[in-house]
Amino acid sequence: MAVKVTKPEIDIREKISELDKPSGVAGEALLRADTTRQQQEILGIGRRNIVMNGGFDVWQRGTSVTKSSNSYNNFTADRWSAYFAGTYTKQQTTLPNGDYVNYFRGVLGTTSANRININHFIENGNSIMSGKYVTVSFWLACDRPGSQVNIKLQTTSGTSFTSYTLIANKYITTERDWKKYEITFHCSNDLGNNSARPHGLLEFDGADADWPNGSTFEIAQVQIEVGRASTPFEYRSYGEELALCQRYFEKLATNGENDANRYNGIAWATNNMNVFIPFQVAKRVAPTVAISHNGEVFTGNWETADGSAVTGTGLKGCTISIQKSSAYTIKYGYFIRNQTITASAEL
């Protein structure tokens, strides 16, 4: 004789919540999370920081950069621009929480309406932040205590600012000593304008436009996380951070390095040769390649080149020409060195 046994349905989550266990508030939140993403946010795991080079480790343009005019294209540390003229340097310190870090120091220059203004562009940031809770955290110190700084999240077309709009902001008050700020925004939704404003922008903008020449500000451990919780700063290795930054800017060769960056090309005329230079990381778009020093070419002896030009660029590399009058044999190969070459695909 068959016997059929039935049991009532059990709500596992409810039963777990009834267990007498020392799970704590965080443990209860983890158990009640509906998705893996929510559990990751609670635990603070996974790739959380959408800021590249928020620890100011990578400075391909040099660890001390001086700008003489105002521009959103005043790139300093990789992925960061400083609008106002000044000198921007890489420094080290121990923060009040005990972390020994690199940090960004700005000393304002001689233009009018001086104030702190540094910017970080986020590729496809509109779709990442629009309509969501986003938490920004950072350390800041300033020799203008009591000043107001507007922390802005915007959507934008890029550094050209042909189109941009504010989706969240909050004013903070500066202090002379290091202080950590944690701000949670509920961003307005700008996805309807994603085609015109696909990217994001984090801007630190001083509200007081009267900071005297020589005013100094310092910033460290900048982090943006999707969600309402601020977690400890996410460290990435220097190699990983450098590779992320090289999608937007790469120094291919530097005058004075001699044989450290020796490329090989083929002559197609007696006074001209082509050299293909591969990128370490594929670029966001075909970059602007600049040659600021012609360098030398080896034709039996190292000789100073007469000229140079960029003849083609792509996502994975570029071709340049190096000219030297009556120096080449067509189809022969020659080495070059001591050029200064950069590739920029900044937003």
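Right above here is the structure, for reference.
Residues numbered from 1 in each chain as written. Predicted model: local features only at pLDDT ≥ 70, side-chain atom pairs only at ≥ 80, totals over all residues. Heavy atoms only, no water.

Undergrad: Is there a simple way to think about the packing of aromatic side chains in this case?
TA: Aromatic ring pairs are described here by two measures, namely the spacing of the ring centres and the angle between the planes. Applying the stated rule across the entire model yields 15 aromatic pairs. Between the aromatic rings of Trp80 and Phe204, the centroid separation amounts to 6.5 Å while the plane-to-plane angle is 40°, which identifies the pairing as tilted. In this pair, Trp80 is assigned in strand 2 (residues 80-82) and Phe204 in strand 10 (residues 199-206), connecting sequence segments 124 residues apart. The pair Trp80 / Phe204 is uniform in exposure class, with both members buried. On the basis of an interplanar angle of 45° and a centroid distance of 4.9 Å, the ring pair of Tyr328 and Tyr334 is categorised as tilted. Judged by its relative accessible area of 5%, Tyr328 falls in the buried class. (Phe/Tyr/Trp six-rings, centres within 6.5 Å; stacked < 30°, edge-to-face > 60°. Helix = DSSP H or I, 4+ residues; strand = E, 2+ residues; numbered from the N terminus. Buried < 20%, exposed > 50% of the residue type's maximum accessible area, 1.4 Å probe, protein only.)

Undergrad: When you look at the sheet that holds strand 12 (residues 249-253) in this model, what are you seeing that I'm missing?
TA: Pairing between the strands of a sheet is mediated by backbone hydrogen bonds and can be parallel or antiparallel. Here three strands make up an open sheet; going across it, the order is 12-21-15 and the pairing antiparallel. Two strands lie at the open edges of the sheet, namely strand 12 and strand 15 (288-293), each paired on one side alone. The average angle at which neighbouring strand axes cross in this sheet is 20°, direction not considered. Across five bridges, strand 15 lies against strand 21 (residues 340-344) in antiparallel orientation. Bridge assignment links His293 to a residue of strand 21, and that residue is Thr340. (Pairing = 2+ DSSP bridges. Axes fitted to C-alpha atoms, helices over the stretch in contact; angles between N-to-C directions.)

Functional significance is not addressed by these values, which are geometric in nature.
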